[in-house]
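What follows is each chain in one-letter form.
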Amino acid sequence: ILNVEQSPQSLHVQEGDSTNFTCSFPSSNFYALHWYRWETAKSPEALFVMTLNGDEKKKGRISATLNTKEGYSYLYIKGSQPEDSATYLCAPYTGTASKLTFGTGTRLQVTL
Amino acid sequence: SAVISQKPSRDICQRGTSLTIQCQVDSQVTMMFWYRQQPGQSLTLIATANQGSEATYESGFVIDKFPISRPNLTFSTLTVSNMSPEDSSIYLCSVEEAGQGTEAFFGQGTRLTVV
C-alpha cells in the first residue's frame, strides 16, 4: 500500500491570505502526481497532472510544484477566496494496475 | 473529458439491507473505478471494473460485500450488501480515459448513511 501524506489536515484562512499545502509520496516507481479539488456535494475536479521532476503548473491563482526525487509536491493558493474552500487531494500514480492512491486531503476553509 | 452521472446522491438505509449505486458515463471507457471515503479517511479504491470481465478488488474488499456489474462500456453499478453502520461513507465512481498521464473524472458521489 502506497503511503501518501498530506499536511496540514485542515486550514482556516482569511480572504486574501496566501497558503500552501504539502503532499508527500514514495519516490520509487513514480509516473505522475495528480491534484484534485473536492467541494462539498460536488465531484472531485482535477487541478493538475504533473509528471516531470521540477515541474511547475499554474491555473489562475493556484499553482503546484513537483519534486519526484524526494517525493513531494506543494500546492499554492495566492489571495485565497471563499470559493477556494474545499478539500484538496493529491494522488500519485505509480502505473501499477493503472490506479491512483489518494492522500487524506487538506480541508481549506476561507472566510471573509 | 467525461461526464458521469451517479445516483442516488444520498440515501439513508437500514442495517442489513443492500443499496445499488449506478454510474452512467457519456462516452465509452475501458476502466471504471469505485472508491469509498469513510469519515476522516482518504479516498480508498474498492475495485476496478472492466467491461466483459470480473471486477478486480483491492485488499480488504470482497465481491460478496461489494458486487459490481459492468454490462457495457458506459455503465456500472456497485452494490453495498448487508449494510452495517461502518459502511456509512461517500461512494464515488470514476473513469480515466487513458493511462497515467491524464486526469480522472468523477461522479457526484453517493453519501450513504446506515442506521
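Chains are numbered independently. Their residues run from 1 in the order of the written sequence. Following the order in which they are written, the chains are lettered starting with A and the ligands numbered starting with 1. pLDDT decides what is reported in this predicted model: residues at 70 or higher carry local features, side-chain atom pairs at 80 or more are listed and counted, and totals for whole chains, interfaces and linings draw on all residues regardless. Each side-chain value is derived from all of the structure's non-hydrogen atoms; neither hydrogens nor water enter the calculation.

### What to know about the overall build of chain B
Short version of the rule: By the criteria applied, helices consist of DSSP H or I runs no shorter than four residues and strands consist of E runs no shorter than two, each listed in order from the N terminus. As a reference, a globule follows 2.2 Å times the number of residues to the power 0.38, and the radius of gyration itself is taken over C-alpha atoms.
Summing up its helical and strand segments, chain B has zero helices and eleven strands in all. Going residue by residue from the N terminus, the α and β elements of chain B occur as β-β-β-β-β-β-β-β-β-β-β. For chain B, the C-alpha radius of gyration of 13 Å lies close to 13 Å, the compact-globule estimate for 115 residues. Summarising its shape, the C-alpha atoms of chain B cover approximately 40 × 25 × 25 Å along the three principal directions.

### Notes on the state of the cysteines
Residue and element names in this part refer to chain A. Where we set the bar: Count a disulfide wherever a pair of cysteine sulfur atoms falls within 2.5 Å. Buried residues are those whose accessible area, probed at 1.4 Å on protein chains only, stays under 20% of the maximum for their type, while exposed residues exceed 50% and partly exposed ones sit between those limits.
Summed over all chains, the structure comprises two disulfides over all chains. The disulfide partner of Cys 23 is Cys 90, and the S-S distance across this bridge is 2.0 Å. Given an S-S torsion of about 75°, the disulfide between Cys 23 and Cys 90 has right-handed geometry. A residue pair is termed long-range when its members are at least 10 positions apart, and Cys 23 in strand β3 (residues 19-24) and Cys 90 in strand β9 (residues 86-93) qualify at 67 residues. The pair Cys 23 / Cys 90 is uniform in exposure class, with both members buried.

### Structural notes on the pairing of strand β6 (residues 56-59) of chain A
Residues and elements named next belong to chain A. What counts here: Only strands joined by at least two bridges in the DSSP assignment are considered to pair.
Relative to strand β7 (residues 62-67), β6 runs antiparallel, the two sharing four bridges. Paired with Lys 58 across the bridge in β7 is Ser 63. Counting the residues that bridge the hairpin from β6 to β7 gives two residues, and of these Gly 60 lies at a positive phi of roughly 65°.

### Examining the sheet that holds β3 of chain A
Residue and element names in this part refer to chain A. Which entries qualify depends on this criterion: Under this scheme, a helix contributes an axis fitted over its contacting stretch, all axes are lines through C-alpha atoms, and angles between N-to-C directions fall in the 0 to 180 degree range.
Here we have five strands laid out as an open sheet, ordered β1-β3-β8-β7-β6, and antiparallel in their pairing. The strands lining the two open edges of the sheet, one partner per strand, are β1 (5-7) and β6. Neighbour to neighbour, the strand axes of the sheet diverge by 15° on average, direction disregarded. Sheet analysis places β3 next to strand β8 (residues 72-77), joined by six bridges and oriented antiparallel. Residue pairing across strands places Ser 24 opposite Tyr 72, the latter belonging to β8.

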